[in-house]
Every structure is written in structure tokens, then in C-alpha cells.
Amino acid sequence: MLSPSPDNGPTSRLAALGRKAFRRPGQPKITLRTALLSALATLATLGFLGVVGALTGSQLLVAGFASSCVLAFMLPGAPLAHPINVMGGHLVAGVCGLTVRFLLPAGWFSAILAVLLSMLVMALLGVLHPPAGGNPLAIVLAQEQWSYLIAPVLIGALAVGFFTWAYAWLAKRIRAGGSDPIG
């Protein structure tokens, strides 16, 4: 039974057990503070996309943007989480997905080829962003139109990229002031 104590209460013991059970070599340590701030940044980002989508009648909330938030806000210093990678990766993947969608017959094989093409082009352009890899799959399987590149891809990529930049900028400003709530 867990009994609370000043230094090692039930919450601390549970957290320690979780770290011990799920910790793997190379896994970055994420503090509770970082996780909470990341959750708030994700709420702001996806909330913004949800509100703008509702006001414009566009579906701007797609799975890839949620994945981008996890990467960008939990690991803001990671090279694949930089705003240029977030925006560039989603745009490149969107263009690749739409190109394959209009050049090849619909099907699972075309969807896979679209993902592979987006991986190659993102790597060649230096804007690799793993969460964007789902965009071409969704585009080909749902048979999206070129307008999908504007909404949700462009609008969402710009929004997530902006919030990623703002989060990193705020973290840097706070660190310069002597406090380090992010990371």
C-alpha cells in the first residue's frame, strides 16, 4: 500500500515506478513541468486550429498536427521539431501525396508510394518531420483534392510552425531570465 510521506508520496512512487518500468536507454527525460507546458501549448495550437476551422467551415484538425505538437513541444530542441521542419515537412508531404494521388490509381500501393516519395523529398530538402509522413497516406486513401493543400495542410502547417516558434522563443526568454520551465 502506498502511504504518503513528505519526500516520497504516492505520486512520487508511481512516477518512479513508471520511469523504471518504461524508461529505455536514449529516451529523453521529460519533467512533469515540461509535460504540462507542452500540454498547454498543444491545447493552444490545436484549439486555434479547431476554432479557425469551425469559423471557416474547414476541417483543420488532422492527426499529423497533433503528432507534430507532441514532438515540437515535448522535445523543442530536437532537430526534427524545428519550425522549418514542421512547416516544410507537412507542405512537402502534402504536395507529394497529391501528386501521387493524381498520377496513379487509388489504392494501398499508391498510398505507400506517396509516403516513400514524401520521405525522400523531405530528406533531400532537409525538412524531415516524421509526423508529416501520415499526410500522403491520408491524401491518397481519401482521394483528396488540391484544395487540401491549402486547408488543412498549409494553414495547419503555418499554425503549428508558428506555435512551435513561439514556444521555443518563450522558452529561450524564460531561460535567459534564470528560470527554466521548459526542458
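As shown above, the structure is provided for reference.
Scoring rules and cut-offs
- Residues numbered from 1 in each chain as written.
- Predicted model: local features only at pLDDT ≥ 70, side-chain atom pairs only at ≥ 80, totals over all residues.
- Heavy atoms only, no water.
- Helix = DSSP H or I, 4+ residues; strand = E, 2+ residues; numbered from the N terminus.
- Buried < 20%, exposed > 50% of the residue type's maximum accessible area, 1.4 Å probe, protein only.
- Contact = heavy atoms within 4.5 Å.
- Areas by Shrake-Rupley, 256 points an atom, 1.4 Å probe, with all protein chains shown as cover.
- Expected span 1.5 Å × (residues − 1).
- Patch = residues over 30% accessible without salt bridge, like charges linked within 9 Å, V, L, I, M, F, W, Y side chains within 5 Å.
- Salt bridge = Lys/Arg side-chain N within 4 Å of Asp/Glu carboxyl O.
- Phe/Tyr/Trp six-rings, centres within 6.5 Å; stacked < 30°, edge-to-face > 60°.
- Lys NZ or Arg CZ within 6 Å of the ring centre and 35° of its normal.
- Polar contact = N/O pair within 3.5 Å; in protein donor to acceptor, adjacent residues only side chain to side chain.

### Points about the overall build of the protein chain
Part 1: When you go through the protein chain residue by residue, the secondary structure sums to 7 helices and 0 strands.
Part 2: Of the regular secondary structure in the protein chain, the N- to C-terminal order runs α-α-α-α-α-α-α.
Part 3: Overall size of the protein chain, expressed as C-alpha extent along the three principal axes, is 65 × 35 × 35 Å.
Part 4: Each of the 183 residues in the protein chain was classed as buried or not, and the buried ones make up 34%.
Part 5: The long-range fraction of contacts in the protein chain, counting pairs at least 24 apart against all pairs at least 6 apart in sequence, stands at 72%.
Part 6: In the form shown here, the protein chain has an accessible surface area of approximately 10,600 Å², with 72% of it arising from carbon and sulfur atoms.

### Thoughts on helix α5 (residues 108-125)
Part 1: An ideal rise of 1.5 Å per residue puts 26 Å on 18 residues; α5 measures up with 26 Å between its terminal C-alpha atoms.
Part 2: Buried residues along α5 sit against α4 (83-103) and α6 (134-142).

### Some thoughts on a nonpolar patch on the surface
Part 1: Judged by side-chain polarity, Trp 108, Phe 109, Ile 112, Leu 116 and Met 119 come together as a nonpolar surface patch covering roughly 560 Å² of accessible area.
Part 2: Within the fold, Met 119 resides in helix α5.

### Some thoughts on the packing of aromatic side chains
Part 1: Going through the model one piece at a time under the given rule, you end up with 7 aromatic pairs.
Part 2: Pairing Trp 165 with Trp 169 gives two aromatic rings, centres 6.3 Å apart and planes at 20 degrees, and the pair type is stacked. In this pair, Trp 165 and Trp 169 both sit in helix α7 (residues 150-176), 4 residues apart, roughly one turn of the helix.
Part 3: The class for Trp 169 is partly exposed, based on a relative accessible area of 43%.
Part 4: Each residue in the set Phe 48, Phe 162, Phe 163, Trp 165 and Trp 169 is aromatic and connected to the rest through ring pairs, giving one cluster.
Part 5: In this arrangement the basic side chain of Arg 101 is found over the ring face of Phe 102, its NZ or CZ atom lying 4.1 Å from the centre.

### Considerations on the side chain of His 129
Part 1: Inspection of the secondary structure puts His 129 in the loop between α5 and α6.
Part 2: We classify His 129 as buried; its relative accessible area is 0%.
Part 3: A distance of 2.8 Å separates a polar atom in the side chain of His 129 from the backbone oxygen of Leu 80.
Part 4: Contact partners of His 129, with chain neighbours within four places excluded, come to Ser 68, Leu 71, Leu 80, Asn 85, Val 86, Gly 89, His 90 and Met 122.

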